[in-house]
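Chain by chain, the residues run as shown.
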Amino acid sequence: MNIHWQNALPHPIAFVLSGGAALGAIQVGMLRALHNAGIAPDLVVGTSVGALNGSVIADKGLDEGVMALESLWHRLGRTDIFPGGLIAQARRLLSTRISLFPNDQLTKLACRMLGAVRYEDMMLPFGALATELLTYHGALFTAGDLHLTLLASAAIPGVFPPVNINGTLYVDGALTAYVPIAAAVQMGAASLVIMDAGEPCHRQEPPRHAAEMFTATMQAAMRQRVRVEANAIANDYPILYLPTPCPISTSLLDFSKSALLMAQAADMAAAFLTETAVPTPGHMSGAPHHHDDMPMRHLTRLVAA
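Residues numbered from 1 in each chain as written. Predicted model: local features only at pLDDT ≥ 70, side-chain atom pairs only at ≥ 80, totals over all residues. Heavy atoms only, no water.

## With respect to unusual backbone geometry
Among all residues save glycine, negative phi is the norm, and among peptide bonds the norm is trans. Here His11 and Pro12 are connected by a cis peptide whose omega angle stands at 0 degrees. Its identity as a non-glycine residue notwithstanding, Asn7 has a phi of 55 degrees, on the positive side. Locating Asn7 in the fold gives a position in the segment before β1 (13-17). When its relative accessible area of 70% is taken as the criterion, Asn7 is described as exposed. Here Ala21, not a glycine, exhibits a phi torsion of approximately 55 degrees, which is positive. Mapped onto the elements, Ala21 comes out in the loop between β1 and α1 (24-37). Since its relative accessible area comes to 15%, Ala21 is described here as buried. (Helix = DSSP H or I, 4+ residues; strand = E, 2+ residues; numbered from the N terminus. Buried < 20%, exposed > 50% of the residue type's maximum accessible area, 1.4 Å probe, protein only.)

See below:
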């Protein structure tokens, strides 16, 4: 345990996990570093893959949850989440007209990883952010059916189908908040630890197919909001914003480098936690990672590719 962090942050401490598809492996490395430093959450909130990772921590606790996530991400492959090749994707898109992939694999993954089936069954308070499809208003789920709301939070438009919950269609929470900082405050956090798996470096190649185009474009479009929201909330709440390694793979759907990303993120976060000052209200330790020319010029290149 890093004594530097013992009882340093005011409670309740919220772990806040971003979207990021296959870059969710980065969050697992960050969670390992936080565990080793003795920083544990009182509540967890996540968007998209961050909701999936966060639900395991809220269900099992930090110690067991980190081990479960490390085991999962070491063996997780692309087809475990995004089944089928280009021909299968084209056939599904033609037949459904709404998505390239079914969400069956995500359902199986949630059932395998989680003991809880409802929010009320979890060890820690947990929130999953989704977006109402018709209004594009954010919806923070903190009670009820856990598996269904996780599917909604991770329903990348055009990639996975919208999820019907009580007659309302929901899609990926990243459309509302790529990093659900305000949602953590809404849940009662007194301090926030942010695990942003967003890509902090320029892409070297354009997206290679439609699914990558959807995820990369959506991610780029949400980055500026993260910076504005984090700086505003840091005026009133201590924020610990962990650094993110530059991903090895340029694809948000490539799971082949998960082990290396976890290791890099764990090492970077551990060094940061050793050296950084404890944040106080009005101060943020670390900062949202952005390029100076993001997001608009980067987004223009993606759309034009």
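## A word on the pairing of strand β7 (residues 191-195)
Among the 5 residues that make up β7, 5 are buried, leaving the element largely enclosed by the rest of the structure. Side chains of β7 alternate between two faces, with Ser191, Val193 and Met195 and Leu192 and Ile194 buried alike. Both β1 and β7 contribute to a ladder of 5 bridges, which runs parallel. Its bridge partner being in β7, Val16 is matched across the sheet by Ile194. In terms of strand pairing, β7 meets strand β8 (residues 239-241) through 3 bridges, oriented parallel. Pairing of Ile194 across the sheet is with Tyr241, part of β8. (Pairing = 2+ DSSP bridges.)

## A word on the packing of helix α3 (residues 62-75) against helix α10 (residues 258-275)
Two elements in contact, α3 and α10, have axes separated by 8 Å at closest approach and are oriented at 140 degrees. With respect to α10, the element α3 is oriented oblique. Residue-level contacts link Glu70, Trp73 and His74 of α3 to Ser258, Ala259 and Met262 of α10. Of the residues assigned to the contact of α3 with α10, the class counts are 3 nonpolar, 2 polar and 1 charged. (Axes fitted to C-alpha atoms, helices over the stretch in contact; angles between N-to-C directions. Parallel < 35°, antiparallel > 145°, perpendicular 65-115°, else oblique. Contact = heavy atoms within 4.5 Å. Nonpolar A, V, L, I, M, F, W, Y, C, P; charged D, E, K, R; others polar.)

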